[in-house]
Amino acid sequence: MKTIFTGAIAFLLLAIVSCAPKTGQQASNEPATNFVLIFIDDMGYGDPCCYGGTGYTTPNIDRLAAEGMRFTNFYAAQPVCSASRAGLMTGCYPNRVGFSGALFPKDTVGLNPNETTLAEVLKAKGYATGVFGKWHMGHHKEFLPLQHGFDEYTGLPYSNDMWPIGLDGKRLPKNAWRANFPDLPLIEGNEPVEYITTMEGQDKLTTLYTEKAVDFINRHANEPFFLYVPHTMGHIPLGVSDKFRGKSEQGLYGDVMMEIDWSVGEIEKALEANGLVDNTVFIFTTDNGPWLNYGNHAGSAGGLREGKTTSWEGGQRVPFIIRWPGKTPAGSICNKLGCAVDILPSFAKIADAPLPELKIDGVDITELWKGNPEAEPRDEILFYYGKNNLNAVRKGNWKLVLPHTWSSYHTQPGMDGKGGKRIRTKLESPELYNMMRDPGEQYNVIDSHPEKVEELMKVVEAARAELGDLNVGIAKGSGNREIGGR
C-alpha cells in the first residue's frame, strides 16, 4: 500500500512539473541562442559605410545591418577605453563599479571579483565563453578574463599605444613619457606568450583575433557559446596586415576598417559553415567615439560634436548593429535610446539567465531588438567622465550639458600617427539641446525650454545622489562600489 501511495505522489509531482509554464529558451525545442559580440576600438559613429563612412568599403558590416537592425541613438557606457569596457561587462555605469578613464601598465586595480560579468551570467547557463582581443579591465592575473567568467583568452591586456616604441619603430629615449612602459604583452590564458616590440607585431593582431574567434566557433558549434571579440584596432598606432595595406582610398585608417570588416565576414562564414546563423545573436558596436586629434589616423564622428574622452555626442554615441534571425526585422532602424550597459540584461533575458545580485544600470532592450514600436525601455542616459564627473544627461530627445571642462578637438589635428594638440575648454553654464533637431549640438535652446531644464535637473539630482558628481564636489553617492584592488 505504501509503495502504491508513494508512486501516486511521484506521478502527481511529475505531472505538475510537466505542466508548469516554461520561459525563455525552455519554451521550445529550439537550440540555445549563441552570442557574438564584436567591439571595435575608437571607431566613430560615422565610420561603418552604412553609417556614412567613405573612402573604403565595409560590405560585411553593411550586410549585417541589412539583415538586422541599426541603432541611431546608442551610447557607449563612457567615452574611453577601460571605463567603457567595464560598463559593457558589468551592465553598470562604470563609475558605479569604480572605473574611470583608462588603466595604464602601472595601475594595480581592475574588475572587482564581487561584480558579475556578462561572461559569468552566461557561463552559469552552460555557455562556453571566449574573448579574443583587447581586455583593458586590469592586467594583473586576478583581473584577467579567466578569473571573470571566460574559458579562453588571447589578446592584449591594455591599449596598444602603451609600449616604449616610437612612431619610427624604435625604442623611445629614456626621457620620453612612455620609455619606462613594458613591452606589449600578448597573453594567452593567464600568461604572456609573446612580447610585441615592432609595428609588424601589431599588424598581425586583427588576423590573429579573427583566427582565434573562428577556431572557437568551430570547436563549440555543438554547444551554446558567447564569443567576445574586442579588436585592438582602430586604436593608434594603427596596424594592418598585408592583405589590406594600401587597399583603401582613405589611407591607413581605411585599410584598418576594411580588415575589421573582413574579420566580421570571416566570423560570419564560420557561423554559416556550422549552421549557426539562425540561432546566433550577432552584435557589432564600438567602445567610444574617434580620437580626432590623430587626423588621418582617426575615424569620423559622422557630424556629431567632438570625439573620444568628451561627453558631447561624438564621444559617446556609437554605431550599433544587431542581427537576431527570426526576431529582428531585417533592414530596420531603431531611433530609441540604448546603451552598452543594456547588453548584459538583454543577453540574460534571451538566455533565461538570472541577473547579477548587485544593482546594475542596464535594462532589457530585447523588445527594441524585436522591432516593437511601442517599447521604450530606456529614456535616460548619464554622461559621466573624468574621476567621477557628471557632464550631461539625456532624457528622451533632450540633452542637458552641465558646466564642465574638457579637451576640445577644435584645432589642427595631427597626421600620420602623431596626435595634434587639444584645447582645454570650459563650459561656464548649462546648455540644452534638442537631439531630434540638433544631434550635432550646435544650437543651445536653454532659454526657450525652462520646463525641460527643470525635468532634466531631476535626473541630474537623482544621479548625483546615487553615483556622485565631482563637478559639484560630490565624490561618491549612495550606490558607488569599489574597483578591484590587489
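Computed from a predicted model, the values in this text were never measured in an experiment.

### Section: the overall build of the chain
Phase 1 of the analysis: The number of helices and strands found in the chain is 11 helices and 18 strands.
Phase 2 of the analysis: For the chain, the C-alpha radius of gyration of 23 Å lies close to 23 Å, the compact-globule estimate for 486 residues.
Phase 3 of the analysis: In the chain, buried positions account for 57% of the 486 residues.
Phase 4 of the analysis: For the chain, the proportion of contacts with a sequence separation of at least 24, taken over those separated by at least 6, is 69%.
Phase 5 of the analysis: Surface summary for the chain: the accessible area is close to 19800 Å², and the carbon and sulfur share equals 53%.
Phase 6 of the analysis: In the chain, 48 positive and 58 negative side-chain charges are present, and the distance between their average locations comes to 3 Å.

### Quick look at the sheet that holds strand β7 (residues 191–196)
Phase 1 of the analysis: Taken in spatial order, the 10 strands make up an open sheet running β7-β6-β5-β4-β8-β1-β9-β10-β2-β11, and their pairing is mixed. Of all the strands in the sheet, just β7 and β11 (332–334) have a single pairing partner and so form its edges. The average undirected angle you get between the axes of adjacent strands in this sheet is 15 degrees.
Phase 2 of the analysis: Bridge count for strand β5 (residues 152–155) against strand β6 (residues 184–188) is two bridges, and the pairing is antiparallel. The residue bridging T154 from the neighbouring strand is E188, located in β6.

### Details of the pattern of salt bridges
Phase 1 of the analysis: Summed over all chains, the structure comprises 35 salt bridges.
Phase 2 of the analysis: For R323, the salt bridge identified is with E67, shortest N-O distance 2.8 Å. Of this pair, R323 sits in strand β10 (residues 320–323) while E67 sits in helix α2 (residues 59–67), and the two are 256 residues apart along the sequence.
Phase 3 of the analysis: Classification of E67 as partly exposed rests on a relative accessible area of 31%.
Phase 4 of the analysis: Taking the shortest distance from any N to any O, the salt bridge between D151 and K123 comes out at 2.2 Å. Here D151, found in the loop between β4 (128–132) and β5, pairs with K123, found in helix α4 (residues 118–123); they are 28 residues apart in sequence, far enough to count as distant.

### What about unusual backbone geometry?
Phase 1 of the analysis: A cis amide bond links M233 to the next residue, G234, at an omega of 5 degrees.
Phase 2 of the analysis: Unlike most non-glycine residues, T309 shows phi in positive territory, near 70 degrees.
Phase 3 of the analysis: Here D352, not a glycine, exhibits a phi torsion of approximately 55 degrees, which is positive.
Phase 4 of the analysis: With respect to the element layout, D352 can be found in the loop between α9 (343–351) and α10 (366–369).
Phase 5 of the analysis: Among the residues examined, D352 registers a relative accessible area of 25% and is labelled partly exposed.

### What to know about the environment of E211
Phase 1 of the analysis: With respect to the secondary-structure elements, E211 resides in helix α6 (residues 205–219).
Phase 2 of the analysis: The class of E211 is exposed, set by a relative accessible area of 51%.
Phase 3 of the analysis: Taking the C-alpha atoms as reference points, E211 and D242, separated by 31 residues in sequence, lie 16 Å from one another.

### Brief notes about the sheet that holds strand β14 (residues 389–395)
Phase 1 of the analysis: One open sheet accounts for four strands, arranged β13-β14-β15-β18; its pairing is antiparallel. Every other strand in the sheet has two partners, leaving β13 (380–385) and β18 (431–434) as the edge strands with one partner each. Averaged over all neighbouring strand pairs, the angle between strand axes comes to 20 degrees, with direction disregarded.
Phase 2 of the analysis: With six bridges joining them, β13 and β14 adopt antiparallel strand pairing. Along β14, the bridge assignment pairs L382 with V393.
Phase 3 of the analysis: Where helix α11 (residues 450–467) meets the sheet, its contacts fall on β13, β14, β15 (398–401) and β18, and the angle it forms with β14 comes to roughly 135 degrees.

### With respect to the packing of aromatic side chains
Phase 1 of the analysis: Scanning the model with the defined rule gives 25 aromatic pairs in all.
Phase 2 of the analysis: An angle of 65 degrees between the planes, with centres 5.3 Å apart, marks the rings of W312 and W406 as edge-to-face. On the criterion of sequence distance, the pair formed by W312 in the loop between β9 (280–286) and α8 (313–316) and W406 in strand β16 (residues 404–408) is long-range, its members being 94 residues apart. An identical accessibility class is assigned to W312 and W406; each is buried.
Phase 3 of the analysis: Taking NZ or CZ as reference, R317 lies 6.0 Å from the ring centre of Y45, over its face.

Definitions and limits used
- Residues numbered from 1 in each chain as written.
- Predicted model: local features only at pLDDT ≥ 70, side-chain atom pairs only at ≥ 80, totals over all residues.
- Heavy atoms only, no water.
- Helix = DSSP H or I, 4+ residues; strand = E, 2+ residues; numbered from the N terminus.
- Rg over C-alpha atoms; globule rule 2.2 N^0.38 Å.
- Buried < 20%, exposed > 50% of the residue type's maximum accessible area, 1.4 Å probe, protein only.
- Contact = heavy atoms within 4.5 Å.
- Areas by Shrake-Rupley, 256 points an atom, 1.4 Å probe, with all protein chains shown as cover.
- Lys, Arg positive; Asp, Glu negative; His and termini not counted.
- Charge placed at Lys NZ, Arg CZ, Asp CG, Glu CD.
- Pairing = 2+ DSSP bridges.
- Axes fitted to C-alpha atoms, helices over the stretch in contact; angles between N-to-C directions.
- Salt bridge = Lys/Arg side-chain N within 4 Å of Asp/Glu carboxyl O.
- Phe/Tyr/Trp six-rings, centres within 6.5 Å; stacked < 30°, edge-to-face > 60°.
- Lys NZ or Arg CZ within 6 Å of the ring centre and 35° of its normal.

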